[in-house]
Amino acid sequence: MRTRCEIWAPAKLNLGLSVLGRRMDGYHDILTRFVAVDLYDQLVFTRRISGGVSLHLQDVSAGVRPEGFPLDEGNLILKAVRLVERETGIRASLSVSIRKAIPIAAGLGGGSADAAAALLAMTRLYDIRVSRQELGAWGSQLGADIPFFLGESAALGRGRGDELSPIALFRQWWVILVTPPVFVSAKDVYGDLRLTLGAKAANFDDCRDREGFLAALRRSHNDLEAVVLRRAPEILLWQGRLREQGAAGVFVSGSGPTVFGVYMNQPPEETVQSLRGGGTGARVVVARPVTTPLALVVQ
Ligand code: ATP
């Protein structure tokens, strides 16, 4: 029987996000291009004989503020375990150790990535025969971004973002992610949205080669950006700084506050260091697109 499972859960970016309308269930219909990047939370799930489920925050990367990380039933890892317990009748006993590198409540989907990792770990540790697609359907009850992390590493998301179709993506690029130390609530952002229905949805054409990718970047836009900027105007300054460094595109991810620049060459270390300077408290990280969303380190 497998007793240990290590999973690296990546962050996601939204390379463009169009809000198409408000739904009867209170959510919004969106169209977005999701891409997983190599900024990982590292999770180790260890099955034990008894004792229920406990979470241990081992380490938090510099600039990730752990205040928003619940260690109780509010944690999405625990919610995912409980969901599997309900679906299967299993009573889990697990210890989960977490090295958190994805900034919390940042528009990078860290909680959803961790939840997806927990769903996958449960299937491995308890030998549950369920397809990734079905696991994604379970996960969508907890959060609309979770199915993405159980699917392909680049996908178009429709509906709440949980109706996915894989996309072929050119991957020779880098991002500089900047997460300023401000809290922007996703709920408030969607609540404050002045819907521009009928406005042209971002272009989600083919971006499998460099030219197609660059053309797609030029036409992409995040409809949530205007609302996020009203709530955190310092993001405008960061957008300017990322453009000055030659970004091919600068976007807010999800409902922010993370903003990122896309670069066709690896950003020099001096650039990154200069963005880190000045005591702004922002977390500045360089990342690249990955080919597998959830990396199972130890089978
Ligand atoms: P999204 O882009 O999917 O909207 P996000 O990246 O903005 O999400 P998360 O880091 O997923 O935000 O956190 C959203 C909320 O979930 C936070 O308020 C946080 O307290 C809570 N949360 C619960 N479990 C976790 C977890 N394992 N990691 C991060 N946040 C968690």
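Note that this is a predicted model, so its numbers are computed, not measured. (Residues numbered from 1 in each chain as written. Predicted model: local features only at pLDDT ≥ 70, side-chain atom pairs only at ≥ 80, totals over all residues. Heavy atoms only, no water.)

Novice: Sorry if this is basic, but what is going on with the packing of helix H2 (residues 110–125) against helix H3 (residues 132–139) here?
Specialist: When two helices pack together, their arrangement is given by the angle between the helix axes and the distance between those axes. Two elements in contact, H2 and H3, have axes separated by 10 Å at closest approach and are oriented at 130 degrees. Taken together, H2 and H3 sit at an angle that is classed as oblique. With respect to the hand of their crossing, H2 and H3 are arranged in right-handed fashion. Contacts between H2 and H3 involve Leu119, Leu120 and Thr123 from the former and Arg132, Leu135 and Gly139 from the latter. Split by residue class, the contact of H2 with H3 holds three nonpolar, two polar and one charged. (Axes fitted to C-alpha atoms, helices over the stretch in contact; angles between N-to-C directions. Helix = DSSP H or I, 4+ residues; strand = E, 2+ residues; numbered from the N terminus. Parallel < 35°, antiparallel > 145°, perpendicular 65-115°, else oblique. Left-handed = near helix turned anticlockwise from the far one by under 90°. Contact = heavy atoms within 4.5 Å. Nonpolar A, V, L, I, M, F, W, Y, C, P; charged D, E, K, R; others polar.)

Novice: Honestly, the environment of leucine 31 in this entry has me stumped. Any pointers?
Specialist: Structurally, the position occupied by leucine 31 is in strand S2 (residues 28–47). On the accessibility criterion, leucine 31 (14% relative accessible area) is buried. Along the backbone, leucine 31 and asparagine 222 are 191 residues apart, and their C-alpha atoms lie at a distance of 10.0 Å. (Buried < 20%, exposed > 50% of the residue type's maximum accessible area, 1.4 Å probe, protein only.)

Novice: Sorry, what's going on with the sheet that holds strand S10 (residues 283–287) here?
Specialist: Within a sheet, neighbouring strands are paired by backbone hydrogen bonds and run either parallel or antiparallel to one another. Across the sheet, which stays open at both edges, the four strands sit in the order S8-S9-S7-S10 with antiparallel pairing between neighbours. Each edge of the open sheet carries a strand with a single partner, namely strand S8 (249–252) and S10. Here the average twist between neighbouring strands, direction ignored, is 20 degrees. Where S8 and strand S9 (residues 259–263) come together, four bridges link them in antiparallel fashion. (Pairing = 2+ DSSP bridges.)

Novice: Help me out: how do you make sense of the site of the ligand in this one?
Specialist: Residues in close proximity to the ligand total 19 residues, the closest being Gly68, Gly107, Gly109, Gly111 and Asp145. One of the backbone nitrogen or oxygen atoms of leucine 76 is found 2.9 Å away from a nitrogen atom of the ligand. Contact with the protein chains covers 78% of the free accessible surface of the ligand, which is 610 Å². With four residues, H2 is the largest single contributor of residues to the shell around the ligand. The class makeup of the residues in the shell around the ligand is seven nonpolar, eight polar and four charged. (Near = heavy atom within 4 Å. Polar contact = N/O pair within 3.5 Å; in protein donor to acceptor, adjacent residues only side chain to side chain. Areas by Shrake-Rupley, 256 points an atom, 1.4 Å probe, with all protein chains shown as cover.)

Novice: Mind showing me how you'd approach the pairing of strand S3 (residues 53–60) here?
Specialist: Side-chain direction in a regular strand flips from residue to residue, so the side chains alternate between the two faces of the sheet. Bridge analysis of S3 against strand S4 (residues 94–100) gives seven bridges, and the strand direction is parallel. Bridging across to S4, valine 53 finds its partner in leucine 94. Viewed along the sheet, the connection from S3 through helix H1 (residues 76–88) into S4 turns out left-handed. (Right-handed = clockwise from strand over helix to strand, strands pointing away.)

Novice: Just checking my understanding: could you explain the domain arrangement of the protein chain for this structure?
Specialist: Where interface size is given, it is often the accessible area lost as the parts come together that is meant. Partitioning the protein chain into domains gives domain 1 (4–166) and domain 2 (168–287). The distance between the C-alpha centroids of domain 1 and domain 2 comes to 22 Å. With both chains or domains summed, domain 1 and domain 2 bury close to 2700 Å², and 64% of this area falls on carbon and sulfur atoms. Taken as a group, Leu15, Leu17 and Arg33 account for 21% of the area that domain 1 buries against domain 2, more than any other trio of residues on that side. Counting every contact that joins domain 1 to domain 2 gives zero salt bridges. Mapped by element, the contributors of at least two residues to the side of domain 1 that touches domain 2 are strand S1 (4–22), S2 and strand S5 (154–158). Its residues placed into classes, the side of domain 1 that touches domain 2 shows 20 nonpolar, 10 polar and five charged. (Domains from an automatic or database assignment. Buried area = accessible area lost by both parts, 1.4 Å probe. Salt bridge = Lys/Arg side-chain N within 4 Å of Asp/Glu carboxyl O.)

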